[in-house]
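Observations on chain architecture
Spelled out, the chains give:
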Amino acid sequence: MPHLNKLRTAVPGGPGANIATASLSRLRTALTVFFALDGFLFAGWVVRIPAIKEQTGASASDLGLALLGVSGGAVVTMMLTGRLCRRFGSHPVTVACGVLLSLSIALPARTHSTLALGLVLLVFGAAYGGINVAMNSAAVELVAALRRPVMPSFHAAFSLGAMAGAGLGGLVAAHLSASTHLPALTVIGLVVTALAGPALLRHRAPAPERSRERSAKAPGNAPGPLSRTARNAVVLFGVIALCTAYGEGALAEWGTLHLQEDLHAHPGVAAAGYSLFALAMAVGRLSGTALLERLGQTRTLVTGGALAAAGMLLGALAPAPWMALLGFAVTGLGLANIFPVAVARAGAIAGPSGVAAASTLGYGGMLVGPPVIGFLADWYSLPVALTTVAALAGAAALLGYSARGASPARRT
């Protein structure tokens, strides 16, 4: 909008600054809604996985192969989405992917074989991967304009949306079939996108207070290649994101089955497991800005990784459902801020390209993790398979400490 162009040169405290604050606030609200919608729809899918598994007659390993459809669709589209964001802007791409995600979530309920499930999950994964890169790119731009570490607040919205989606799924699981529940989520998703989308489409992505010429030379925006140091730093933060997102994906798609089949929890309690995990992540992310301002990024990464590792060991090996639920909650608190910090650091180093690269690695971990867990569950057991989440969370803590000196780097 024209207002935003005026705001970049507005005198602090003057009328232009007030317009800028209002515009950025509207953008932040709309973007927060899309993060929440993403979590809501994804959780709505994962709590119906046991029903879809029964519907298709899939074994654990068959289900793991079908879930590779989500992984494949997402990873293929993530780097493409980064290029689309640079060409068309992150806001229109976010809205388009929101529509596709809403439509695609109804598809798994129409399948009756593992092959068909895997194919439709390719579409769902493409939409999920696309919206996550586009939203995170938009969030990095907004964080730079606000000049505050508010990235965790967007991911808190995702967690709150996931908690609502999982809670709703748990409530209706005994009363509605997946073939009714998932299409209903399509309607909800399209309505929310129609309401929040225009706010993103009307506003151009904000820029930090700098001239357009200087902005064009910022990392990730200029045409030249990144320096080797910058590329290595982006990969490092991408691997940190992968290690923690692996745990998110594992708990999302196998936590319910672990509670229901290994610990014989009631289906409602089993569905509440992911809801509790999402609630813990939301609490951790809502306090993330204050935590980052107090502890700094490195200590936040290290502490979070260590806490998540301890919590997941309890969640995977506990002999009773309530102990496993406690472990899931501790894991959620530990993982809460690692992914948003890693993506934000990559974006600060390399702009949209850094966000796309780190997101591809990170969400690759979220999406590849569930099939890996499936194969390990068939070979050993599901509790043993879930201990890999603890191992990777510990690795994230070590990598976070090793990345303490990484900073935005100039191009070669």
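In what follows, the structure referred to is the one given above.
The structure presented is a predicted model; accordingly, all values stated were derived computationally and were not measured. (Residues numbered from 1 in each chain as written. Predicted model: local features only at pLDDT ≥ 70, side-chain atom pairs only at ≥ 80, totals over all residues. Heavy atoms only, no water.)

1. So, the nonpolar core
Within the largest apolar cluster, 117 residues are counted, with the highest numbers of intra-cluster contacts made by Trp-45, Val-46, Phe-154 and Tyr-274. With near-sequence residues (within four places) excluded, Trp-45 lies in contact with Ile-52, Leu-67, Ile-105, Pro-108, Leu-117, Leu-121, Phe-124, Leu-182 and Glu-253. (Core = buried A, V, L, I, M, F, W, Y, C linked by side-chain atoms within 4.5 Å. Buried < 20%, exposed > 50% of the residue type's maximum accessible area, 1.4 Å probe, protein only. Contact = heavy atoms within 4.5 Å.)

2. Structural notes on the environment of Ala-310
Among the secondary structure elements, Ala-310 is positioned in helix α13 (residues 297-317). Sequence-wise, Ala-310 and Gly-334 are 24 residues apart; in three dimensions their C-alpha atoms are separated by 9.0 Å. (Helix = DSSP H or I, 4+ residues; strand = E, 2+ residues; numbered from the N terminus.)

3. Section: the packing of aromatic side chains
Here a ring pair, both rings aromatic, is described through the centre-centre distance and the interplanar angle of the planes. Evaluated as defined, the whole model comprises five aromatic pairs. Ring plane angle 20° and centroid distance 4.7 Å describe the contact between Phe-42 and Tyr-128, whose orientation is recorded as stacked. Taken together, the positions of Phe-42 in helix α2 (residues 15-46) and Tyr-128 in helix α6 (residues 114-146) put the pair 86 residues apart, joining distant regions of the chain. The exposure classification of Phe-42 matches that of Tyr-128, with both residues buried. Seen from their ring centres, Trp-45 and Phe-124 are 6.2 Å apart, and the 55° between their planes marks the pair as tilted. With Trp-45 in helix α2 and Phe-124 in helix α6, the pair connects residues that are 79 residues apart, well separated along the chain. (Phe/Tyr/Trp six-rings, centres within 6.5 Å; stacked < 30°, edge-to-face > 60°.)

4. Remarks on helix α12 (residues 288-295)
Taken together, the buried positions of α12 are Gly-288, Thr-289 and Leu-292. Considered in projection along α12, the buried side chains sweep an arc of 105° and stay on one side of the axis. Positive phi shows up at Gly-296, right after α12, with a value of about 90°. (Arc of directions from axis to C-beta.)

5. Observations regarding the side chain of Ser-153
Considering the arrangement of structural elements, one finds Ser-153 in helix α7 (residues 151-172). Residue Ser-153 is classed as buried on the basis of its relative accessible area of 18%. Side-chain polar atoms of Ser-153 contact the side chain of Arg-28, separated by 3.2 Å. Of note is the side chain of Ser-153, whose polar atom sits 2.6 Å from the backbone oxygen of Val-150. Every residue in contact with Ser-153, bar those within four places of it in the chain, is listed here: Arg-28 and Arg-285. (Polar contact = N/O pair within 3.5 Å; in protein donor to acceptor, adjacent residues only side chain to side chain.)

6. Examining helix α10 (residues 228-262)
Here α10 contains 35 residues, and its C-alpha end-to-end distance of 47 Å stays within 8% of the 51 Å for a straight helix at 1.5 Å per residue. Residue Trp-254 marks the point of greatest curvature in α10, where the axis turns by about 50°. Residue His-264 follows α10 closely and has a positive phi angle near 55°. (Expected span 1.5 Å × (residues − 1). Bend = angle between axes of the 7 residues up to and from the residue.)

7. What to know about the packing of helix α5 (residues 90-104) against α6
Between two packed helices, the angle of one axis relative to the other and the distance separating the axes together describe the packing. Between α5 and α6, whose axes approach to 8 Å, the crossing angle comes to 150°. As far as their axial angle goes, α6 and α5 are roughly antiparallel. At the point where α5 passes α6, the crossing takes the left-handed sense. On α6, the residues that touch Ser-90, His-91, Val-93, Thr-94, Cys-97, Gly-98, Leu-100, Leu-101 and Ser-104 of α5 are Val-123, Phe-124, Ala-127, Tyr-128, Gly-130, Ile-131, Ala-134, Met-135, Ser-137, Ala-138 and Glu-141. When its residues are assigned to classes, the contact of α5 with α6 shows twelve nonpolar, seven polar and one charged. (Axes fitted to C-alpha atoms, helices over the stretch in contact; angles between N-to-C directions. Parallel < 35°, antiparallel > 145°, perpendicular 65-115°, else oblique. Left-handed = near helix turned anticlockwise from the far one by under 90°. Nonpolar A, V, L, I, M, F, W, Y, C, P; charged D, E, K, R; others polar.)

8. Structural notes on a nonpolar patch on the surface
A grouping of Leu-100, Leu-107, Leu-115, Leu-119, Leu-122 and Val-123 is seen on the molecular surface, where their side chains present a nonpolar patch of about 500 Å² in accessible area. Among the elements that make up the nonpolar patch, the one with the highest residue count is α6 (four residues). Its place among the elements puts Leu-119 in helix α6. (Patch = residues over 30% accessible without salt bridge, like charges linked within 9 Å, V, L, I, M, F, W, Y side chains within 5 Å. Areas by Shrake-Rupley, 256 points an atom, 1.4 Å probe, with all protein chains shown as cover. Salt bridge = Lys/Arg side-chain N within 4 Å of Asp/Glu carboxyl O.)

9. Overview of the side chain of Arg-285
Summarising the element assignment, Arg-285 is placed in helix α11 (residues 267-286). Apart from the residues within four sequence positions on either side, Arg-285 is in contact with Pro-152, Ser-153, His-155, Ala-156, Phe-158, Ser-159, Glu-248, Ala-336, Asn-337, Phe-339 and Pro-340.

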